[in-house]
2 protein chains.
Amino acid sequence: MLLELFDCDAEALTSLDLVKSAMIEAAKRAQATIVDVVFHEFNPFGISGVVVIAESHLAVHTWPEHGYAAVDVFSCGDTLQPQAAVEYLVEQFGAGRTSVIELQRGVFPRAAGPALARAVSVRG
Amino acid sequence: MLLELFDCDAEALTSLDLVKSAMIEAAKRAQATIVDVVFHEFNPFGISGVVVIAESHLAVHTWPEHGYAAVDVFSCGDTLQPQAAVEYLVEQFGAGRTSVIELQRGVFPRAAGPALARAVSVRG
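This write-up is about the structure you can find in this document. Everything numeric in this text was worked out from a predicted model, so none of it was measured.

Rules of the game
Residues numbered from 1 in each chain as written. Chains lettered and ligands numbered in written order. Predicted model: local features only at pLDDT ≥ 70, side-chain atom pairs only at ≥ 80, totals over all residues. Heavy atoms only, no water. Helix = DSSP H or I, 4+ residues; strand = E, 2+ residues; numbered from the N terminus. Buried < 20%, exposed > 50% of the residue type's maximum accessible area, 1.4 Å probe, protein only. Contact = heavy atoms within 4.5 Å. Polar contact = N/O pair within 3.5 Å; in protein donor to acceptor, adjacent residues only side chain to side chain. Salt bridge = Lys/Arg side-chain N within 4 Å of Asp/Glu carboxyl O. Expected span 1.5 Å × (residues − 1). Arc of directions from axis to C-beta. Axes fitted to C-alpha atoms, helices over the stretch in contact; angles between N-to-C directions. Parallel < 35°, antiparallel > 145°, perpendicular 65-115°, else oblique. Left-handed = near helix turned anticlockwise from the far one by under 90°. Nonpolar A, V, L, I, M, F, W, Y, C, P; charged D, E, K, R; others polar.

Overview of the overall build of chain A
Part 1 of the reasoning: The number of helices and strands found in chain A is three helices and seven strands.
Part 2 of the reasoning: Looking at the 124 residues of chain A, the share that counts as buried comes to 49%.
Part 3 of the reasoning: Once local pairs closer than 6 in sequence are excluded, the contacts in chain A between residues at least 24 apart make up 54%.

Overview of the side chain of Asp 72 of chain A
Part 1 of the reasoning: The topology assignment puts Asp 72 of chain A in strand S5 (residues 68–75).
Part 2 of the reasoning: Under the relative-accessibility criterion, Asp 72 of chain A is labelled buried at 3%.
Part 3 of the reasoning: A polar side-chain atom of Asp 72 of chain A sits 2.8 Å from a polar atom in the side chain of Arg 105 of chain B.

Topic: the pattern of salt bridges
Part 1 of the reasoning: Applying the stated rule across the entire model yields eight salt bridges over all chains.
Part 2 of the reasoning: One salt bridge connects Arg 105 of chain B with Asp 72 of chain A, and the closest N-O pair in it is separated by 2.8 Å. Taken together, the residues span two chains, with Arg 105 of chain B in the loop between strand S6 (97–103) and strand S7 (117–123) and Asp 72 of chain A in strand S5. Accessibility classification places Arg 105 of chain B together with Asp 72 of chain A in one group, the buried group.
Part 3 of the reasoning: Overlapping salt bridges bring together Glu 4 and Asp 72 of chain A together with Arg 105 of chain B as one network.

Brief notes about helix H2 (residues 16–29) of chain B
Residue pairs three or four apart in sequence face the same way in an α-helix, which turns once every 3.6 residues.
Residues and elements named next belong to chain B.
Part 1 of the reasoning: A rise of 1.5 Å per residue sets the reference length of H2, with its 14 residues, at 20 Å; its end C-alpha atoms lie 20 Å apart and thus fit the reference within 8%.
Part 2 of the reasoning: Listed in full, the buried residues belonging to H2 are Val 19, Ala 22, Met 23, Ala 26 and Ala 27. Along H2, the residues classed as buried sweep out an arc of 135° about the axis, all on the same side. Looking at H2, the residues exposed on the side facing more than 90 degrees away from the buried face are Asp 17 and Lys 28.
Part 3 of the reasoning: Along its buried surface, H2 packs onto helix H1 (10–14), strand S2 (34–41), strand S3 (47–53), strand S4 (56–63), strand S5 (68–75) and helix H3 (82–92).
Part 4 of the reasoning: Just beyond H2, the residue with positive phi is Gln 31, at close to 70°.

Side note on the packing of H2 of chain B against H3 of chain B
Residues and elements named next belong to chain B.
Part 1 of the reasoning: It is the contact of H2 with H3, at a shortest axis distance of 8 Å, that shows an interaxial angle of 155°. It follows from the interaxial angle that H2 and H3 lie roughly antiparallel. The handedness of the crossing between H2 and H3 comes out as right-handed. Here Leu 18, Ala 22, Met 23, Glu 25, Ala 26 and Arg 29 of H2 lie close against H3, whose contacting residues are Ala 84, Ala 85, Tyr 88, Leu 89 and Gln 92.
Part 2 of the reasoning: The residue makeup of the contact of H2 with H3, split by class, is eight nonpolar, one polar and two charged.

With respect to unusual backbone geometry
Part 1 of the reasoning: The omega angle of the peptide bond from Asn 43 of chain A to Pro 44 of chain A is 10°, so this bond is cis rather than trans.
Part 2 of the reasoning: Although it is not a glycine, Gln 31 of chain B sits at a positive phi angle of roughly 70°.
Part 3 of the reasoning: Positioned with a positive phi, Ser 56 of chain B is a non-glycine residue whose angle comes to about 130°.
Part 4 of the reasoning: As for its position among the elements, Ser 56 of chain B is in strand S4.
Part 5 of the reasoning: For Ser 56 of chain B, a relative accessible area of 2% translates into the label buried.

Okay, structure coming up:
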């Protein structure tokens, strides 16, 4: 699931602690098994981080100056609840507008790539 | 860029060393600045890894039993050459069939999500 978060709380997107703890909690809410966590703060601002999970990964990149965050929730198997992670992050980052695209991986496309994409929600 | 690699060399996808070094070299070929590297090997097989770069990240998940690897190359700015990373990984993993989808992030869609997706190459 590729999540676009616009009109977010810029302070939230600037806080390494908040972004990191939100991503970890999101992984837990998705019922993921956390394997590793790496986060970095960039100068002058912006955070990148990845939560590696047994079921794949969650990644985030924030651009506080644009009130924008990009989140990827990559999962395999049927046990995860990525939607729970998405809902939690939308709330934590105070996103005013969001878009979520779900892409199936590991399915070789007969048609061109866009056939793989399915918008599950566009709000705002 | 979302890269699907099918009919890969199963041994390559099983080797933590090979997958890790291929991803690091791919990041370098894309002209990325590497910030952090995390890789994990799963039981009975399969590797997940992320190369965090100043310009975002590269992620890989391999399923040797299916000869399949999923690679994400997430980049920002105009300086990276993600295509160089993609070409290198196709070669290193011995992929027989590939598909690459390029998605623009941070652009709020007026239409539904699939409008964001563009297949840049489907081969095999």
